[in-house]
Amino acid sequence: MMGVYGGVADVLELANALVMEGRHAGVVLLEDVERELDLPLLFRPLRIPSSRLLDDLPEARLLVATSYQNRLPVAVAR
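Notes on the structure in this doc start here. (Residues numbered from 1 in each chain as written. Predicted model: local features only at pLDDT ≥ 70, side-chain atom pairs only at ≥ 80, totals over all residues. Heavy atoms only, no water.)

## Here we look at the overall build of the protein chain
And then number 1: Secondary structure summary: the protein chain contains 3 helices and 2 strands in total.
And then number 2: Pairs at least 24 apart in sequence give 34% of the contacts found in the protein chain among residues at least 6 apart.
And then number 3: With the model as given, the accessible surface of the protein chain reaches about 5900 Å², and the carbon-plus-sulfur share is 53%. (Helix = DSSP H or I, 4+ residues; strand = E, 2+ residues; numbered from the N terminus. Contact = heavy atoms within 4.5 Å. Areas by Shrake-Rupley, 256 points an atom, 1.4 Å probe, with all protein chains shown as cover.)

And the structure:
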């Protein structure tokens, strides 16, 4: 991740909006991603090593891949 913009920013803002509505929402960040989130968040992102993503991913109703690098693990997870 080279910054918070585009689809990544949209997903973070959507998760914030869902939390503001009283819903349980969050985001998983791969641990090999630098800590550069400068957007105010209403939830704590879950960090999972990319090698453990499929094993440690919590149950979710909706998963969204924000880049081509994580599209396959997200597709396989559900």
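This is not the end of the story, as more comes after the structure.
## Some points on the environment of Glu59
And then number 1: For Glu59, the position within the fold is in the loop between α2 (53-56) and α3 (71-77).
And then number 2: Taking relative accessible area as the criterion, Glu59 reaches 72% and is therefore assigned exposed.
And then number 3: Spatially, the C-alpha atoms of Glu59 and Ala77 are 9.5 Å apart, while their sequence positions differ by 18 residues. (Buried < 20%, exposed > 50% of the residue type's maximum accessible area, 1.4 Å probe, protein only.)

## What about the pattern of salt bridges?
And then number 1: Taken as a whole and judged by the stated rule, the model has 3 salt bridges.
And then number 2: Among the ionic pairs, Glu21 bridges to Arg23, the shortest N-O distance being 3.3 Å. Judged on exposure class, the residue Glu21 and its partner Arg23 are both exposed. (Salt bridge = Lys/Arg side-chain N within 4 Å of Asp/Glu carboxyl O.)

## Digging into the nonpolar core
And then number 1: With 7 residues, the main nonpolar core is built from Val8, Leu12, Ala15, Ala25, Val27, Leu29 and Phe43.
And then number 2: Here this core gets 3 residues from one element, more than from any other, and that element is helix α1 (residues 6-20).
And then number 3: Phe43 has contacts with Leu12, Ala15, Asn16, Val19, Ala25, Gly26 and Val27, leaving out every residue within four places of it along the chain. (Core = buried A, V, L, I, M, F, W, Y, C linked by side-chain atoms within 4.5 Å.)

## Some words on the environment of Leu30
And then number 1: Mapped onto the fold, Leu30 is located in strand β1 (residues 28-30).
And then number 2: Sequence separation between Leu30 and Ser50 is 20 residues, and the spatial gap between their C-alpha atoms is 5.3 Å.
And then number 3: For Leu30, the residues in contact, after removing those within four places along its chain, are Arg47, Ile48, Ser50 and Leu53.

## Digging into the side chain of Asn16
And then number 1: Considering the arrangement of structural elements, one finds Asn16 in helix α1.
And then number 2: Looking at Asn16, the relative accessible area reads 11%, which means it is buried.
And then number 3: Setting aside anything within four residues of it in sequence, one finds Asn16 in contact with Pro40, Leu41, Leu42 and Phe43.

## Focus on α1
And then number 1: For α1, built from 15 residues, the straight-helix expectation of 21 Å at 1.5 Å per residue is met to within 8% by its first-to-last C-alpha distance of 21 Å.
And then number 2: Within α1 the residues assigned to the buried category are Val8, Ala9, Leu12, Ala15 and Asn16. Buried residues of α1, seen end-on, are gathered within an arc of 125° and therefore sit on one face of the element.
And then number 3: With its phi angle positive at about 90°, Gly22 sits one or two positions after the end of α1. (Expected span 1.5 Å × (residues − 1). Arc of directions from axis to C-beta.)

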